[in-house]
Amino acid sequence: MSQTDVEADPFLKLLTDALRAGPGSPQWHEAVAKLRAGNAGVEPKEADEYQLLLRAREDLAHGRDFRAVRAGPGFTRKLIGGLEKEKTGGGHRALPTATIVAILAVLAVLAVVAAVVFQLLPHGETGHGAIDELAGTYFANESASNFDRTMPAGWHAIGKLPLETASGLRAGAGAGLAGGGLVADTPVPGSQSFAFEADVRPPHPNDAVVAQVFISTSADFSPDRGTSAHELVWQLIGDTQQVALNGNTEPALPAATTGPLRVRLTMSHDLAIVELNGKRIWAGPHQLGDAPRYPGVRFIRKTPGDSIPAVLSVKTLK
């Protein structure tokens, strides 16, 4: 059929234009509407519209030598897309279940990574309100013990290093690497805030013996050094001091070589503060869980030496 023949019949031209333009086009909707109106109210299904238009055009052109109608660019994509859009009411498609599961899995992994990063971050001094609140806690009950040639009640020895009390609690004679100290018989509940103080007399600059003030979450101490797996520790090594948490040590800081040094470890169910002579040197989450707390003092002898540190007294405040 020539272009003139097509244009002579407006409806045939409309059908031709609709088939070329594809589903969703104005020509498509106009042609379908006219066909529905002319079929005495018979409503074709959406999936049959293409066949309806094509059959109507063939009927009009029956017996004529007409030019074949070829689909325009993207016709198949338009047809499938138009039918899907009609089926879903034109709204947005819901996300596939696999996509939702993948998104939830990624979010879970990110949450775990964030938790691990938080635990690995250095927990040095912080200005958080919870730390300041713990530092200002008033403890009404106080239990003090002095070391004056006797071992005080309520404490027991740990480790293999012998102890002396001639002039404060000190490491006894011994050779080789060894440790020993005293730990409280009765632990403090993990949910209770408390403070543990020790007055330490430093040696002349000498690191032969390390003095430690600690809080442990276990009553099981190693027989050779008197240490446990999970502890918050302040230690004096010669003229420097360090804080260690679960075996991880913070950078060393200068410590006074005259003195005594008053060491205070304050602890709540999740936070801890370490102070020396009233100055905060470390604060943050102690990562010791909810287990009971065992305060104590300890000495680690590395080499023989004459000038060694001594613990003059300890005090527990609740």
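Within each chain, residues carry numbers counting from 1 in the order of the written sequence. Given that this is a predicted model, residues contribute local features only at a pLDDT of at least 70 and side-chain atom pairs are listed and counted only at 80 or more, while totals for whole chains, interfaces and linings are drawn from all residues. Processing note: side-chain calculations cover all non-hydrogen atoms of the structure and skip hydrogens and water entirely.

Comments concerning the pairing of strand S13 (residues 271–276)
Right, on to step 1. Of all 6 residues making up S13, 6 are buried, and the element is well covered by its neighbours.
Right, on to step 2. Relative accessible area decides the class of each residue, using a 1.4 Å probe on protein chains only: under 20% of the type maximum gives buried, over 50% gives exposed, and in between gives partly exposed. Here a helix means four or more residues in a row that DSSP labels H or I, a strand means two or more in a row labelled E, and each is numbered from the N terminus. With burial as the criterion, each face of S13 is covered, one bearing Leu271, Ile273 and Glu275 and the other bearing Ala272, Val274 and Leu276.
Right, on to step 3. A strand pair is defined by DSSP finding two or more bridges across the two strands. Following strand S12 (residues 261–267), the chain reverses through 3 residues before pairing antiparallel with S13.
Right, on to step 4. Where S13 meets strand S14 (residues 279–285), 6 bridges bridge the pair, whose relative direction is antiparallel.

Remarks on the packing of aromatic side chains
Each aromatic ring pair is described using two quantities: the centre-to-centre distance and the angle formed by the ring planes.
Right, on to step 1. Here a Phe, Tyr or Trp ring, Trp counted by its six-membered ring, pairs with any other such ring whose centre lies within 6.5 Å, and the pair is stacked when the planes are under 30 degrees apart, edge-to-face when over 60, and tilted otherwise. Under the counting rule described, the total for this entry stands at 2 aromatic pairs.
Right, on to step 2. Each ring, one from Trp155 and one from Phe196, has its centre 6.1 Å from the other, and the planes form 35°; the classification is tilted. Placement of the pair is Trp155 in strand S2 (residues 155–159) and Phe196 in strand S6 (residues 194–201), with a sequence separation of 41 residues.
Right, on to step 3. Across the ring face of Phe214, the terminal group of Arg298 is positioned such that the distance to the ring centre comes to 4.2 Å. We call a charge positioned above a ring when the Lys NZ or Arg CZ atom is no farther than 6 Å from the ring centre and deviates by at most 35 degrees from the ring normal.

Regarding helix H2 (residues 10–21)
Right, on to step 1. Along its 12 residues, H2 runs 16 Å from first to last C-alpha, staying within 8% of the 16 Å computed at 1.5 Å per residue.
Right, on to step 2. Restricting attention to buried positions, one finds in H2 the residues Leu12, Leu14, Leu15, Thr16, Ala18 and Leu19. By this rule the span expected of a helix is its residue count minus one, scaled by 1.5 Å.

Structural notes on the pairing of S12
Taken residue by residue, a regular strand's side chains alternate between the two faces of the sheet.
Right, on to step 1. When you tally the buried positions in S12, you get 6 out of 7 residues, the bulk of the element.
Right, on to step 2. Of the strand pairs in this sheet, S6 and S12 are connected by 7 bridges, and their pairing is antiparallel. Residue pairing across strands places Ala195 opposite Thr266, the latter belonging to S12.

Points about the environment of Leu236
Right, on to step 1. Along the polypeptide, Leu236 turns up in strand S8 (residues 231–237).
Right, on to step 2. For Leu236, a relative accessible area of 1% gives the class buried.
Right, on to step 3. In sequence terms Leu236 and Val200 are 36 residues apart; their C-alpha atoms lie 9.1 Å from each other.
Right, on to step 4. With residues near it in sequence (within four places) discarded, Leu236 still touches Val200, Pro202, Pro203, Val209, Val210, Ala211, Ala255 and Leu261. Here, two residues are considered to be in contact whenever any of their heavy atoms come within 4.5 Å of each other.

Considerations on a nonpolar patch on the surface
Right, on to step 1. Put simply, a patch holds well-exposed residues, over 30% relative accessible area, that have no salt bridge, with like charges counted together within 9 Å and Val, Leu, Ile, Met, Phe, Trp or Tyr side chains within 5 Å. Only the protein chains shown count as cover for residues, and all accessible areas are computed by the Shrake-Rupley method using a 1.4 Å probe. Every case where a carboxyl oxygen of Asp or Glu lies within 4 Å of a side-chain nitrogen of Lys or Arg is listed as a salt bridge. Residues Ile100, Ile103, Leu104, Val106, Leu107 and Leu110 make up a contiguous nonpolar surface patch of about 550 Å² in total accessible area.
Right, on to step 2. Relative to the helices and strands, Leu107 resides in helix H6 (residues 97–120).

A short note on the environment of Gly180
Right, on to step 1. In this fold, Gly180 is placed in strand S5 (residues 178–184).
Right, on to step 2. When the C-alpha atoms of Gly180 and Phe221 are compared, they prove to be 9.9 Å apart, with 41 residues separating the residues in sequence.
Right, on to step 3. Contacts of Gly180, omitting those with residues within four sequence positions, involve Ile158, Gly159, Leu161, Leu163, Arg225, Arg298 and Phe299.

Quick look at the side chain of Thr217
Right, on to step 1. One can find Thr217 in the loop between strand S7 (209–216) and S8.
Right, on to step 2. Taking relative accessible area as the criterion, Thr217 reaches 14% and is therefore assigned buried.
Right, on to step 3. Setting aside residues up to four positions removed in sequence, Thr217 forms contacts with His230, Leu288, Ala291, Pro292, Arg293 and Tyr294.

Some words on the nonpolar core
Right, on to step 1. Working definition of a nonpolar core: buried Ala, Val, Leu, Ile, Met, Phe, Trp, Tyr and Cys residues. They are joined through side-chain atoms within 4.5 Å. Among the nonpolar cores identified, the biggest contains 39 residues, and Val200, Val213, Leu232, Trp234, Val297, Phe299 and Val311 are the most heavily contacted of them.
Right, on to step 2. Setting aside residues no more than four positions away along its own chain, Val311 makes contact with Phe147, Gly168, Leu169, Ala198, Asp199, Val200, Val297 and Phe299.
Right, on to step 3. Core analysis: the second largest hydrophobic core is formed by 11 residues, Trp28, Leu35, Leu52 and Ala56 among them.

Description of the confidence of the model for the protein chain
Right, on to step 1. Along the chain, pLDDT gives the predictor's confidence residue by residue, from 0 to 100. Scored by pLDDT, the protein chain has a mean of 82; 78% of the residues are at 70 or more.
Right, on to step 2. Within the model, the stretch residues 63–69 combines pLDDT values under 50 with 14 contacts to residues more than four positions away or in other chains.
Right, on to step 3. Overall, residues 122–127 carries pLDDT values under 50, and its contacts beyond four positions in sequence, including any with other chains, amount to 15 contacts.

A look at the pattern of salt bridges
Right, on to step 1. Counted by the stated rule, this structure contains 10 salt bridges.
Right, on to step 2. Among the salt bridges present, the one from Arg280 reaches Asp132, with a minimum N-O distance of 3.5 Å. Residue Arg280 is found in strand S14, and its partner Asp132 is found in helix H7 (residues 129–135); the two are separated by 148 residues along the sequence.
Right, on to step 3. Residue Asp132 is classed as partly exposed on the basis of its relative accessible area, which comes to 40%.
Right, on to step 4. Note that Arg298 and Glu231 form a salt bridge whose closest N and O atoms lie 3.0 Å from each other. Here Glu231 lies in strand S8 and Arg298 lies in strand S15 (residues 294–301), a separation of 67 residues in the sequence. Each member of the pair, Arg298 together with Glu231, is buried.
Right, on to step 5. One salt-bridge network, in which partners are shared between bridges, spans Glu197, Arg264 and Glu275.

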